[in-house]
Amino acid sequence: MSQNLHSSLDQPLIYLKGVGPARAKAVEEELKVRTIRELLFHFPFRYVDKTSFTLIKDVVHDQNVLLRGKIISKNIVKTRKRPLMKAILKDTTGFIELLWFQGIKWMDKLVLENTEYIAYGKVTRFKGGFSMAHPEMERSDKLNPSDLTKMDPVYPSTEKLNKMGFDMRKRRHIIKNALANITERDIPEILPDYLLQRLRLVSRISAIKHIHFPPDERALTEARKRLIFEEVFFFQLRLLYNKEIRKVKYKGFPFDSVGTYFNRYYSEKLPFELTKAQKRVMKEIRRDVGSGRQMNRLLQGDVGSGKTVVAVMTALIALDNDFQTVIMAPTEILAQQHYQSVQEHLSGLGIRVAFLSGSIKGKTRKEILRFLKTGDIHILIGTHAVLEDPVQFQNLGLAIIDEQHRF
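Residues numbered from 1 in each chain as written. Predicted model: local features only at pLDDT ≥ 70, side-chain atom pairs only at ≥ 80, totals over all residues. Heavy atoms only, no water.

**Considering the overall build of the chain**
Along the backbone of the chain there are 13 helices and twelve strands. Over its C-alpha atoms the chain spans a radius of gyration of 32 Å, topping by over 25% the 22 Å that the globule rule assigns to 407 residues. The principal-axis extents of the C-alpha atoms in the chain amount to approximately 95 × 55 × 40 Å. Counting across all 407 residues of the chain, residues that qualify as buried make up 40%. Of the contacts formed within the chain by residues at least 6 apart in sequence, a portion of 65% connects residues at least 24 apart. Accessible area of the chain: about 23,900 Å², with a carbon and sulfur share of 51%. Counting 67 positive and 46 negative side-chain charges, the chain places the averaged centre of each group 3 Å from the other. (Helix = DSSP H or I, 4+ residues; strand = E, 2+ residues; numbered from the N terminus. Rg over C-alpha atoms; globule rule 2.2 N^0.38 Å. Buried < 20%, exposed > 50% of the residue type's maximum accessible area, 1.4 Å probe, protein only. Contact = heavy atoms within 4.5 Å. Areas by Shrake-Rupley, 256 points an atom, 1.4 Å probe, with all protein chains shown as cover. Lys, Arg positive; Asp, Glu negative; His and termini not counted. Charge placed at Lys NZ, Arg CZ, Asp CG, Glu CD.)

**Brief notes about the packing of aromatic side chains**
Within the structure shown, the criterion is met by seven aromatic pairs. Considering the side-chain rings of F229 and F233, the 5.5 Å spacing of their centres and the 20° angle between planes classify their relative orientation as stacked. Taken as a pair, F229 and F233 lie in helix α8 (residues 217-249) at a separation of four residues, close to a single helical turn. Classification of F233 by relative accessible area gives partly exposed; the value is 25%. Seen from their ring centres, F262 and Y266 are 6.1 Å apart, and the 15° between their planes marks the pair as stacked. In this pair, F262 and Y266 are both assigned in helix α9 (residues 260-269), four residues apart and thus about one turn of the helix distant. Residue classification places Y266 among the partly exposed residues on the basis of a relative accessible area of 37%. Each member of the aromatic cluster is reached from another via a ring pair, and the members are F229, F233 and F234. (Phe/Tyr/Trp six-rings, centres within 6.5 Å; stacked < 30°, edge-to-face > 60°.)

Purely spatial values, then, with no claim about function.
Here you go:
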């Protein structure tokens, strides 16, 4: 990397030695990576041990192996579909066929007869013999011993990139050169020191270097820990920021009073004494809905813990303030169960509960939509059908979604 790039990783890939305009364009099209920084933050998805060689006589079908041998012959074969290149690799124990279907001209120049290579790839059995398609190739006499590591990175790639000469070998070389020149000015620390010390996190620049080329398992584990924490930490920070912005930007409907419907249900219909947890949650909900700010709450609990009772009581607070409630479930069966349960809870209180799903048709559906718009239906329970355009409420104030992750 030239001196003027040391202070910035946000320049196009074309400025990296060994990339060039054509490869830079291909990387952008195939990987959506445009800058040096984006390339360094495009991490490996696995690592390969390149210190352990396999003898050809010991290869097994459908396994990735590292071989060392001499190319004793090669030729380009024309087939009806397309040409392919074949080469025979020989070690002291046998022979294996190497095949290339893409980038043949480039590989023909790279692979030389009577020359020793290190080949890495997946072995396949075909017609009683073994072959290896599109192996990674390195000349033994030009290989740096430091390149044979236990943890060689493997990156997401495509056939087009391999054809353009941006294969794993080339990509590792380019990334290694880029990493050799970066400083903390290029990848500054973004977490405070006290957090790094408390959680025993490595620096950001160390994590970036070691996620690409870890010297050992421990370094890789520490790099992953740091980068995963960073991603989750800032994701949560964004959620909290959006939550605070929502409080200021979006006003909720203030439910000022707890009136007749809630009190009658509590004194006459409540099937059991509320637990301490339920009482605590109801106090929090009453505080939220009375604040005039939009409430966005996740209620968690085991089956049978009383979440439905909390939902019913919250809907009654809405009704006491002249607001309607909608309860949505991911399946018709679950929505029906909620409908029957809520009806049983509220029977005799003069509250109209309706059910709506895609299976509700004709006159019944028209009546539900009409009474919902006039406010005669107080609580609507259904599937995602409650989100369709024809569904209009007179004064919707509360939406309850069951199992939201399934939508």
